[in-house]
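# Survey of secondary and tertiary structure
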Amino acid sequence: MSSTQISFLVFGIVLLLAIGFDLGLLSKKGAEVTIRKALWQTIFWVTLAFAFFGFTWLERGHTAALEYISAYLMEWSLSIDNIFVFILIFTFFNVQQQHYARVLLIGILLAIVFRILFIAIGVALIAQFEWIIYIFGGILLITGVKIFAAKKEAEYDPQKNIVYRWMKKVLPINAEDTSGKFVIARDGKRFFTTVFVVIVLLATTDIVFALDSIPAVFAISQDRLVIYTSNIFAVLGLRSLFFLLHGAINQFEYLQQGIAIVLIFIGLKMLAEAVHFYIPVWISLMVIVVCLFGSILYSLENGRK
């Protein structure tokens, strides 16, 4: 077996064991997820991601390992922004807290399936049309500028979501049920519950974020192993991170600008390759780390003052 095949095999085994362990802690129906439990779970997923970084270094060399950890940290930072939207969705639909863990689990697993499909399409397109990488760079550059300049007041409104409006028109929805079921019967008719609606919105909302994050990963690496593993590790850590950050939505005021700078940098990096100017992966890693943790620390310090 090649080193890539061995790495995929190890990743698959670790992933199955980790998901099984995670299910035993967080996804029991009706179980309350405390901040302490969420903290330990977040540490677990981050430690696992960094352990795979060490394995990649030993198995495939430092370049692949640095590409992986750079892609993971970038996806992780974008995931934090994703969580804020998840919180707004849960609040808008008034989902009871005992259903949070199960709803997040299903929504995130669906999101992973969609991401795998997007990555496969992206890899195929770039293999066939190399110039698409420059289009991705332009999109990221424009997106980064828009995010940096966007006002904080322009928050996500689920009522304006195209998928939600479509579901309201097509599906019979009952907003009164609080049992946590996906489908209920009323007067001989079957209705979809708000829990079902929220799961669909979580999965489809992540698609919007994936349209930015996946092209950004291609700027760091076009190695399939790096792209798949960094994305999946980052998304799987979303659930515990959600519970950890729930209630602290306003504490990261400048994270949006930090993420925007990362996207602008990655977009410029992709476009620079058109004139054969290549930025080393360790510089990309430094920029991502400084922007991510710098914006978080500055937000916390500014909030304290």
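Please read all numbers here as calculations on a predicted model, not as lab measurements.

Reading guide: rules and limits
Residues numbered from 1 in each chain as written. Predicted model: local features only at pLDDT ≥ 70, side-chain atom pairs only at ≥ 80, totals over all residues. Heavy atoms only, no water. Pairing = 2+ DSSP bridges. Helix = DSSP H or I, 4+ residues; strand = E, 2+ residues; numbered from the N terminus. pLDDT = per-residue confidence, 0-100. Phe/Tyr/Trp six-rings, centres within 6.5 Å; stacked < 30°, edge-to-face > 60°. Buried < 20%, exposed > 50% of the residue type's maximum accessible area, 1.4 Å probe, protein only. Axes fitted to C-alpha atoms, helices over the stretch in contact; angles between N-to-C directions. Parallel < 35°, antiparallel > 145°, perpendicular 65-115°, else oblique. Left-handed = near helix turned anticlockwise from the far one by under 90°. Contact = heavy atoms within 4.5 Å. Core = buried A, V, L, I, M, F, W, Y, C linked by side-chain atoms within 4.5 Å. Polar contact = N/O pair within 3.5 Å; in protein donor to acceptor, adjacent residues only side chain to side chain.

### Here we look at the sheet that holds strand β1 (residues 173–174)
Spatial ordering of the open sheet is given by β1-β3-β2, a layout of three strands whose pairing is mixed. With partners counted over all chains shown, the strands left at the sheet margins are β1 and β2 (183–186), one partner each. Two elements, β2 and strand β3 (residues 189–193), share four bridges in a ladder whose sense is antiparallel. When the bridges of β3 are listed, Ala185 appears paired with Arg190.

### What about the confidence of the model for the protein chain?
Summing up the model confidence of the protein chain, the mean pLDDT is 79 and the portion of residues at 70 or higher is 88%. Across the protein chain, the secondary-structure element scoring lowest on mean pLDDT is helix α1 (residues 3–26), at 77, and the one scoring highest is helix α8 (residues 224–236), at 87.

### Comments concerning the packing of aromatic side chains
Applying the stated rule across the entire model yields 17 aromatic pairs. Between Phe50 and Tyr72, the aromatic rings sit 6.3 Å apart at their centres with planes inclined by 85°, giving edge-to-face as the arrangement. With Phe50 in helix α2 (residues 35–60) and Tyr72 in helix α3 (residues 62–92), the pair connects residues that are 22 residues apart, well separated along the chain. With a relative accessible area of 38%, Phe50 lands in the partly exposed category. What makes Tyr72 buried here is its relative accessible area of 2%.

### Things to note about the packing of helix α4 (residues 100–128) against helix α9 (residues 238–245)
Contact geometry for α4 and α9: axes closest at 9 Å, N-to-C directions at 140°. Taken together, the axes of α4 and α9 lie oblique to each other. Note on packing geometry: the crossing formed by α4 with α9 is right-handed. Residues Tyr100, Ala101, Leu104, Leu105 and Ile108 of α4 touch α9, and the partners they reach there are Leu238, Arg239, Phe242 and Phe243.

### Considerations on the nonpolar core
Grouped together as the largest cluster of nonpolar side chains are 85 residues, with contacts concentrated most on Met74, Ile80, Phe90, Phe233, Phe242 and Ile266. Those residues in contact with Met74, other than ones at most four positions away along the chain, are Ser213, Ala216, Val217, Ile220, Val262, Ile266 and Ile288.

### Focus on the side chain of Thr204
Mapped onto the secondary structure, Thr204 falls in helix α7 (residues 194–220). Reaching out from Thr204, the side chain makes a polar contact with the backbone oxygen of Val200 at a distance of 2.8 Å. Here Leu201 takes part through its backbone oxygen, which lies 3.3 Å from a polar atom of the side chain of Thr204.

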